[in-house]
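# Fold and contact review
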Amino acid sequence: MPQNMLHARAHARTSAAALEGNLRALSRRAGVPLLLPVKANAYGHGMDIVTRIAARHPDVWGLAVATPQEAGQLAALNPGKPIVLLTPPRPAEIPVLADLGVRLPVASLAEAEALPPHARAHLKVDTGMNRLGARPEDAVAIGQRLHERGLLEGIYTHFATSDELDLSFAHEQFERFQGVLAQLPPVLAHASNGGGILSLGALPGMRLARPGLASYGFAPPHLGGVLPLVPVMTLEAEITHLHTARAGESVSYGGLWHAPRDTLLATVGFGYADGYPRNATGQAQVMVGGERRPVVGRICMDQCLVDVTGLDVKVDDVVRFWGPDDLTVSEVAAWSDTIEYEVLTGLGSRVERLAGA
Ligand SMILES: *Cc1c(COP(=O)(O)O)cnc(C)c1O
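Everything numeric in this text was worked out from a predicted model, so none of it was measured.

Our focus in this paragraph is the overall build of the chain. Of regular secondary structure, the chain possesses eleven helices and 18 strands. Once the C-alpha set of the chain is aligned to its principal axes, its extents read approximately 75 × 50 × 35 Å. Relative to its 357 residues, the chain shows a buried fraction of 54%. Pairs at least 24 apart in sequence give 66% of the contacts found in the chain among residues at least 6 apart.

What follows is the structure in structure tokens.
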């Protein structure tokens, strides 16, 4: 039997049309092309699949990653567009990354001096996130040095609160950023993440924007009406077994749930090792046979159980855990007391990533 007959139980399918539409809408609202974050396996969707779509999208200037390792993986996919690394590499990694054409974050004079002459730098300014970057009062000298060396391609900062109701701190951050920009030659300035694009719109002087989660179809609840974003991923898994639990019997680990009546149960190949949050137990629901049905008993490592009583389902039919409309990742995140980012990026390696229309 060929190895590819041994297929995955769970699939995450990326809709090219949904992603393309989101990118278009976000770029229009920001008024600039996008530097699309494809870190964390493109927010769980599959870096290769998302990169293929982004590579041909007219509103995508380049692709952003979090780690040097991701930069190497992305470079190997030959996206044909600039790759920007967002966190500091180790000194030994710098020449390797520069050779690959990866744009490097710079936050000190020492780093500016150490770059090889063929490197391209994006100066990182810490305007209030307090995570990475040069303080505004130090950034100008670093930018000037990079400019003298002919290495300064971009300058950027990151908002800490752009997805919140109160935008006063985001405005403060942007003012600090503009103070730095005013003292440097014009380069590719970027600040907004998805929250920033949705809440602040087009920002003066910006040349790029970096929407992550919004590109994949999600807005904070209070900004849900700003753009018609469409969730990009559909997560489905196969029914591997069907059986009836008798009235009163307990189901799954800990015997948390008891069948209130004779209950047809579908065992489905998607569990917490695949990224289905275990603490959604008790609240989780799925779409199956055109209906919304409860996940019953504890969510297990490799599988979960769904009450499919009365439905005409068979082994190998698929159950939908989330998708663009009827049941979204936002609901799953709420059941498990987390955010869409964590559910999407927590998808495991057993989940097969598929390209869809
Ligand atoms: C992850 C990241 C983004 C994207 O953030 P979203 O909230 O997903 O839009 C943008 N910029 C930086 C520096 C990041 O690390």
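What follows concerns the site of the ligand. Neighbouring the ligand are 13 residues, the closest being Lys39, Tyr43, Gly194, Arg210 and Tyr341. Interatomic distance of 2.8 Å between a side-chain N/O atom of arginine 210 and a nitrogen atom of the ligand. One nitrogen or oxygen atom from the main chain of glycine 212 is found 2.8 Å from an oxygen atom belonging to the ligand. Protein contacts shield 90% of the accessible area of the ligand, which totals 390 Å² for the unbound molecule.

What follows is about the UniProt feature "domain: Alanine racemase C-terminal" (unreviewed entry) in the chain. Residues given the UniProt feature "domain: Alanine racemase C-terminal" (unreviewed entry) here are residues 232–356. Overall, residues 232–356 shows 10% helix and 38% strand. The separation of its end C-alpha atoms is 10 Å.

What follows covers the pattern of salt bridges. Scanning the model with the defined rule gives 19 salt bridges in all. Here arginine 293 and aspartate 307 are joined by a salt bridge, their closest N and O atoms 4.0 Å apart. Of the two residues, arginine 293 is situated in strand β15 (residues 291–296) and aspartate 307 in strand β16 (residues 304–307); the sequence distance between them amounts to 14 residues. Each member of the pair, arginine 293 as well as aspartate 307, is classed as buried.

It is worth spelling out unusual backbone geometry at this point. Here the phi dihedral of alanine 42 falls at roughly 55 degrees; this positive angle occurs in a residue that is not glycine. Position of alanine 42 among the secondary structure elements: in helix α2 (residues 39–43). Here serine 252, not a glycine, exhibits a phi torsion of approximately 70 degrees, which is positive. Relative to the elements of secondary structure, serine 252 occurs in the loop between β11 (250–251) and β12 (257–258). Serine 252 gets classed as partly exposed once you look at its relative accessible area, which sits at 24%.

A few words on the domain arrangement of the chain. Taken domain by domain, the chain holds domain 1 (3–223) and domain 2 (233–323 + 325–356). A straight line from the C-alpha centre of domain 1 to that of domain 2 covers 35 Å. Domain 1 puts 19 residues into the contact, and the matching count from domain 2 is 25 residues. Approximately 2200 Å² of surface area, both sides summed, lies buried where domain 1 meets domain 2, with 57% of it carried by carbon and sulfur atoms. Three residues, Arg9, His11 and Arg13, lead the burial of domain 1 against domain 2; their summed loss comes to 32% of the area buried on that side. If you look at where domain 1 meets domain 2, you find two salt bridges. Glutamate 238 serves as the salt-bridge partner of arginine 9, at 3.3 Å between the closest nitrogen and oxygen.

Turning our attention to the UniProt feature "modified residue: N6-(pyridoxal phosphate)lysine" (unreviewed entry) in the chain. Within this structure's numbering, the places UniProt gives as "modified residue: N6-(pyridoxal phosphate)lysine" (unreviewed entry) are Lys39. By secondary structure assignment, the location of lysine 39 is in helix α2.

Once that is clear, we can look at the packing of aromatic side chains. Aromatic rings in a pair are described by how distant their centres are and how their planes are angled relative to each other. Counted by the stated rule, this structure contains seven aromatic pairs. Between tyrosine 43 and tyrosine 341, the ring centres sit 6.2 Å apart and the planes meet at 40 degrees, which makes this aromatic pair tilted. A residue pair is termed long-range when its members are at least 10 positions apart, and tyrosine 43 in helix α2 and tyrosine 341 in helix α11 (residues 340–345) qualify at 298 residues. Pairing tyrosine 276 with phenylalanine 321 gives two aromatic rings, centres 4.8 Å apart and planes at 80 degrees, and the pair type is edge-to-face. Highlighted residues: tyrosine 276 in the loop between β13 (263–268) and β14 (285–288) and phenylalanine 321 in strand β17 (residues 318–322), separated in sequence by 45 residues. The class of tyrosine 276 is buried, set by a relative accessible area of 0%. Ring-pair connections join several aromatic residues into one group, and the members of that group are Phe270, Tyr276, Phe321 and Trp322.

Once that is clear, we can look at the environment of glycine 101. Structurally, glycine 101 can be placed in the loop between α5 (94–99) and β5 (104–106). Along the sequence, glycine 101 and glutamine 303 sit 202 residues apart, while their C-alpha atoms lie 43 Å from each other.

Before going further, it helps to spend a moment on the nonpolar core. With 104 residues, the main nonpolar core has Val38, Leu146, Phe270, Tyr276, Phe321 and Trp322 as its most contacted residues. Here this core gets seven residues from one element, more than from any other, and that element is helix α1 (residues 16–30). Built from parts of two domains, this core gets at least three residues from each of domain 1 (3–223) and domain 2 (233–323 + 325–356). In this structure, tryptophan 322 is in contact with Met233, Thr234, Leu235, Phe270, Tyr276, Leu327, Thr328, Val329, Val332, Val343, Leu344 and Leu347, ignoring residues within four places of it in sequence.

About the criteria used
Along each chain, residues carry numbers from 1 onward, in the same order as the chain's sequence is written. Totals for whole chains, interfaces and linings use all residues, but because this is a predicted model, local features are given only for residues with pLDDT of at least 70 and pairs of side-chain atoms are given and counted only at 80 or more. Note: side-chain values were computed over all heavy atoms of the structure, leaving out hydrogens and water. Elements are defined by DSSP. Helices are runs of H or I of four residues or more, strands are runs of E of two residues or more, and each kind is numbered from the N terminus. Note on classification: 1.4 Å probe, protein chains only; a residue is buried when its accessible area is under 20% of the maximum for its type, exposed when over 50%, partly exposed between these limits. Contacts are residue-level and defined by heavy atoms, with any inter-residue pair within 4.5 Å sufficient. The criterion for a residue being near a molecule or strand is simple. One of its heavy atoms has to lie within 4 Å of it. The term polar contact refers here to a pair of N or O atoms within 3.5 Å; inside protein, the definition further demands a hydrogen-donor-capable atom paired with an acceptor-capable atom, and it admits residues adjacent in sequence only when both atoms are side-chain atoms. Method for areas: the Shrake-Rupley scheme with a 1.4 Å probe, in which residue coverage is limited to the protein chains shown. UniProt positions are given in the numbering used here, feature names are shortened, and annotations may be inferred rather than shown by experiment. Each reported salt bridge corresponds to a side-chain nitrogen of Lys or Arg within 4 Å of a carboxyl oxygen of Asp or Glu. What marks off one domain from the next here is an automatic or database domain assignment. Accessible area that two parts lose when put together, evaluated with a 1.4 Å probe and summed over both, is termed the buried area. A pair of aromatic rings is counted whenever rings of Phe, Tyr or Trp (Trp by its six-membered ring) have centres within 6.5 Å, and the orientation is called stacked for planes under 30 degrees apart, edge-to-face for over 60 and tilted otherwise. Take the buried residues of types Ala, Val, Leu, Ile, Met, Phe, Trp, Tyr and Cys, join any two whose side-chain atoms come within 4.5 Å, and each joined set is a nonpolar core.

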